[in-house]
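A structural walkthrough
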There are 2 protein chains.
Amino acid sequence: MPSISKKGQAMPASPIRKLVPYAEAAKKRGVEVLHLNIGQPDIHTPEVALEAVRNNKLSVVEYSHSAGNESYRKGLAAYYQARRIPVSHEQIIITTGGSEALFFGMMACFNPGDELIIPEPFYTNYNAFAIQAGITVVPVRSTIQEGFALPPASAFEKLITPRTKGILICNPGNPTGALYSRQELETLRDIVLKHDLFLFSDEVYREFCYDGAAHISAMELKGIEQNVVLIDSVSKRYSMCGARIGAFVTRNAELLGTAMKFAQARLSPPTYGQIASEAALQAPKSYFEAVNLEYRERRNTLVNGLNTIPGVTCPMPKGAFYCVAELPIDDADRFCVWLLEEFEHKGHTVMMAPASGFYAHPGPGKKQVRLAYVLEKHKLELAVECLRHGLEAYARIPAMAAPAKA
Amino acid sequence: MPSISKKGQAMPASPIRKLVPYAEAAKKRGVEVLHLNIGQPDIHTPEVALEAVRNNKLSVVEYSHSAGNESYRKGLAAYYQARRIPVSHEQIIITTGGSEALFFGMMACFNPGDELIIPEPFYTNYNAFAIQAGITVVPVRSTIQEGFALPPASAFEKLITPRTKGILICNPGNPTGALYSRQELETLRDIVLKHDLFLFSDEVYREFCYDGAAHISAMELKGIEQNVVLIDSVSKRYSMCGARIGAFVTRNAELLGTAMKFAQARLSPPTYGQIASEAALQAPKSYFEAVNLEYRERRNTLVNGLNTIPGVTCPMPKGAFYCVAELPIDDADRFCVWLLEEFEHKGHTVMMAPASGFYAHPGPGKKQVRLAYVLEKHKLELAVECLRHGLEAYARIPAMAAPAKA
């Protein structure tokens, strides 16, 4: 039997899905599992998008243009323009999810061995795509103490080598919920300009900013127009993760032309998803207002609740629908398994994502978890109580107080 | 401005799409272009698939399982079992088109520099995905004189080196329409076994076999169960290219587990496309019978017609909906442009794919074109007459008779 590839061996298994068998076993025992582990929102997809798919008149489900339907690209360009992102439809390639946009960008910009700096903790799959492209990910540490703010320029400068070719940010951030200010983005702009780097900006959570904070796109930054790649997706924006529609956006014509060759190789993005996404552009302002209000309340419920638990630290996120909390435990991986395998509180337990999966270095995230506030408020209240009792019970187990095994 | 990657530079531009501007200009002049250049069928998608999407009751378009919906995988396993392909749903990963299945396989099996032998001419995008994975494609020549039959074992043996790690076939073949016999497949099996190679079998045209010929899957071959990867897609089978649903199928558990890591990184295949694909499994036998009858008539019309043109050779394909013809010209790229730019017959012209794009070596395909018989019979008759007159007119142009420039 021939051996599998080195990249195949190096690819990370999903850190979240590792816990799935434990959750399934808990459910079989009759325990209700509160899923705070994944970014699958329960929010309804806009009716206008659902209806457009239901009312489609296709008799042949044809390939679309490799860059996506022109009418959708024009609509999307207008959406961006309304958000101070001046791009034309010819600067957009519709992709199969944000994932594919990221992949096209990594393949088109980086040679094997090139270095990409990413503020840590970061979305696990950045690593997976970097491995596929042969990129060396160089994490730059952001800390829970500073609310996961962008690390200072000096921290980036220390990491820059002749192989550094780009910086990747997620704004607002998954897993941290951090939202970068104009000043932070201008710091980034200066670094990018000074070292002539690509700046990949994953802005799929753009519409989820709270407390009146404005989202500032990397596409607004002056002087690095040829360096910026916007990674986008409808998955979270319209709660339609399954549509698998994203976008690769750049004003760099050579890069766009290169990404188009990757787009042509895979023929086209999904037709039905494009129908849904184009229609979703008509979602009324009230849709986003209602969704944002809902998420803000959920965030307040969860984060304020967490901070009432002794020993728990959780900065208040300004965007997205995640938070990272530090818990009074040794090893979050072990604790998350324990919650599913051994614990219940009034018939419930909590499933969370151990933060180790979001760090390139194993150390700093060891006591941290990511929580997605994608459940209704009363379930989040229940989750906080579960966690409070879980932490108390866990602290009483002598074996668990011992240092975790590697 | 930072430079783009070497792989980005190496990626081929679509050889078909190069001609698009010429076709658009012809249309602007009022010439009707008969599109024999692409594999986008005009056949209706099964009504049961279209209706399933129209009647879907989703209120949240969620991610599916990374391997695809279990109910669809179970249905697909039953479809395979009915075709002498014994696999379970746990040996299937639903992918975003056949393209993604191919990509997962290449990434999971091959290290950069590994060699993959492919009978030539072959589907252009095999090259594109090989470049992405850093694979060296080693073409093994099949010839129009032999109807693009599988080259003899000795031809493969000559090409095998310590870096050879796999063979990729397309059966029935795009662009040739060749259908491999059991004997040809057993020849392949012996080579695969002797050298412990992976065998990728792209069988997306499985349902399109003519004149009573049976399709034999590489999954039926004994003794190489751990070596075979089946690449599949609903695009052609149900004329729903835009659904973007394919499948990666293998009985090699380690390989499947590795491919799953790539599948998890991109989260999930498209939800709507899966709804359509699962429903399409209920398409009645009469659907395939009618479609096959239609394609067989089209094939006969086109291929018999082509062979009445002086100097044209076109073997009768046994499967898929393509044929490769050799024309009495110097350079098919130049001729295909000329047909669009300078020629018309009764207000029509023909758009074909120059075969050069399907060969790794530039020479042997220089006088060949690929034609897809995806139009109604009367249009194919018209296309043959266009081509007959076109070739006559082209032969009278002195400049065109001169050897083509490089």
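Every residue gets a number counted from 1 within its own chain, in the order that chain's sequence is written. As they are written, the chains are lettered A onward and the ligands numbered 1 onward, keeping that order. Only residues with pLDDT of at least 70 are given local features in this predicted model, and only at 80 or more are side-chain atom pairs given and counted; all residues enter the totals for whole chains, interfaces and linings.

1. Side note on the overall build of chain A
Assigned secondary structure in chain A consists of 14 helices and 12 strands. A compact globule built from 406 residues would reach a C-alpha radius of gyration of about 22 Å, and chain A, at 21 Å, matches this within 12%. Taken over the C-alpha atoms alone, chain A extends approximately 60 × 55 × 55 Å along its principal axes. Buried residues are those with 20 or more other C-beta atoms within 10 Å of their own C-beta, exposed residues have 12 or fewer, and partly exposed residues lie in between; C-beta atoms are placed from the backbone. Counting over 406 residues, chain A shows a buried share of 56%. Runs of H or I in DSSP of at least four residues are treated as helices and runs of E of at least two as strands, each being numbered from the N terminus. Each radius of gyration reported is based on C-alpha atoms, and the globular scaling rule is 2.2 Å times the count of residues to the power 0.38.

2. A look at the relation of the copies chain B and chain A
Fitting of the copies onto one another was done by least squares over C-alpha atoms, counting residues only where both copies have pLDDT of at least 70. Aligned on chain A, chain B shows an RMSD of 0.1 Å; the corresponding rotation is 180° and the shift along the axis is 0.0 Å. Overall, the copies show the geometry of a two-fold rotation axis. Looking at the rotation axis and the C-alpha trace of chain B, the residue lying nearest is B:Arg54, at 2.0 Å. Taken as a fraction of all interface residues of chain B, those also at the interface in chain A reach 100%, which identifies the copy contact as same-surface. Here, residues touch in the contact sense if the C-beta positions derived from the backbone fall within 7 Å of one another.

3. Side note on the domain arrangement of chain A
Much of the literature gives interface size as the accessible area that the parts lose upon coming together. All names here are of chain A. How far each domain reaches was decided by an automatic or database domain assignment. When its domains are assigned, chain A resolves into domain 1 (6-44 + 286-397) and domain 2 (47-280). With centres defined by C-alpha atoms, the gap from domain 1 to domain 2 works out at 26 Å. Listing elements by their share of the side of domain 1 that touches domain 2, those giving two or more residues are α1 (6-10), α11 (285-307), β9 (322-326) and β12 (368-372). Ranked by residues supplied to the side of domain 1 that touches domain 2, first place goes to α11 with five residues. Lys, Arg, Asp and Glu make up the charged group, whereas Ala, Val, Leu, Ile, Met, Phe, Trp, Tyr, Cys and Pro make up the nonpolar group; the residues left over, Gly among them, are polar. In terms of residue class, the side of domain 1 that touches domain 2 is made up of 20 nonpolar, 10 polar and six charged.

4. Thoughts on the pairing of β9(A)
Where a strand is regular, its side chains alternate between the two sheet faces. Most of β9(A) sits inside the fold, with five of its five residues counted as buried. Of the two faces of β9(A), both are covered, the one formed by A:Tyr322, A:Val324 and A:Glu326 as well as the one formed by A:Cys323 and A:Ala325.

5. Considering the environment of B:Phe200
Residue and element names in this part refer to chain B. With respect to the helices and strands, the residue Phe200 is situated in strand β6 (residues 198-202). A residue is classified by how many C-beta atoms lie within 10 Å of it, and Phe200, with 25 of them, is buried. As for Phe200 and Met106, which are separated by 94 residues in sequence, their C-alpha atoms are 9.1 Å apart. Those residues in contact with Phe200 that sit more than four places away from it in its chain are Gly105, Gly166, Leu168, Val229 and Ile231.

6. As for the packing of α11(A) against helix α13 (residues 377-395) of chain A
Residues and elements named next belong to chain A. Following both chains from N to C, one finds α11 and α13 inclined at 10°, their axes separated by 9 Å at the closest point. The angle between α11 and α13 falls in the class roughly parallel. Only Lys377, Leu380, Glu381 and Val384 of α13 make contact with α11, whose side of the interface consists of Glu297, Arg298, Thr301, Leu302, Gly305 and Leu306. Grouping the amino acids of the contact of α11 with α13 by side-chain chemistry returns four nonpolar, two polar and four charged. Here, axes are lines fitted to C-alpha atoms. For helices the fit covers the stretch in contact, and angles between N-to-C directions go from 0 to 180 degrees. By definition in this entry, angles of less than 35 degrees are roughly parallel, angles greater than 145 are roughly antiparallel, angles of 65 to 115 are roughly perpendicular, and the rest are oblique.

7. Examining the environment of A:Val87
Residue and element names in this part refer to chain A. Within the secondary structure, Val87 is located in the loop between α4 (70-81) and β2 (92-95). What makes Val87 partly exposed here is the crowd of 18 C-beta atoms within 10 Å. When the C-alpha atoms of Val87 and Leu327 are compared, they prove to be 43 Å apart, with 240 residues separating the residues in sequence. With residues near it in sequence (within four places) discarded, Val87 still touches Ala77, Tyr80, Ile92, Met219, Val249 and Arg251.

8. Examining the pairing of β2(A)
All names here are of chain A. Burial of the side chains of β2 extends over both faces: Ile92 and Ile94 are buried on one face and Ile93 and Thr95 on the other. For two strands to pair, DSSP has to find at least two bridges joining them. Pairing geometry for β2 and strand β8 (residues 246-250), over four bridges, is antiparallel. Looking across to β8, one finds that Thr95 is bridged to Gly246.

9. A closer look at α11(A)
Residue and element names in this part refer to chain A. In this model, α11 (23 residues) spans 33 Å end to end at C-alpha, consistent with the 33 Å of a helix rising 1.5 Å per residue. If you check which residues of α11 are buried, you get Tyr287, Val291, Tyr295, Arg299, Thr301, Leu302, Val303 and Leu306. On its buried side, α11 packs onto β9, β12 and α13. Multiplying one less than the number of residues by 1.5 Å gives the expected span of a helix.

10. Description of unusual backbone geometry
Trans is the prevailing form of peptide bonds, just as negative phi is the prevailing case for residues other than glycine. In this model, A:Glu120 is joined to A:Pro121 through a cis peptide bond whose omega is 5°. For A:Pro121, the location among the structural elements is in the loop between β3 (115-120) and α6 (124-133). Omega for the peptide link from B:Asn174 to B:Pro175 comes to 15°, which places this bond in the cis form. Position of B:Pro175 among the secondary structure elements: in the loop between β5 (164-170) and α8 (182-195). Although it is not a glycine, A:Asp211 sits at a positive phi angle of roughly 60°. Examined against the element boundaries, A:Asp211 turns out to sit in the loop between β6 (198-202) and β7 (228-233).

11. Section: the sheet that holds β9(A)
Strand pairing in a sheet relies on backbone hydrogen bonds. The paired strands run either parallel or antiparallel. All names here are of chain A. With antiparallel pairing, the three strands of this open sheet are ordered in space as β9-β12-β11. Each edge of the sheet is formed by a strand with only one pairing partner; in this case those strands are β9 and β11 (353-354). Looking at chain direction, β11 and β12 are connected through two bridges and run antiparallel. Its bridge partner lying in β12, Pro354 is registered against Val369.

12. A short note on the confidence of the model for chain A
Low pLDDT marks stretches whose predicted atomic positions should not be read closely. Residue and element names in this part refer to chain A. Confidence along chain A averages 95 in pLDDT terms, with 98% of residues attaining 70 or more. Predicted confidence is poor over residues 402-406, with pLDDT under 50, and the contacts of this stretch with residues over four places away or in other chains come to four contacts. Listed scores for the predicted complex are pTM 0.95 and ipTM 0.95. Within a predicted model, pLDDT stands for the predictor's per-residue confidence, ranging from 0 to 100.

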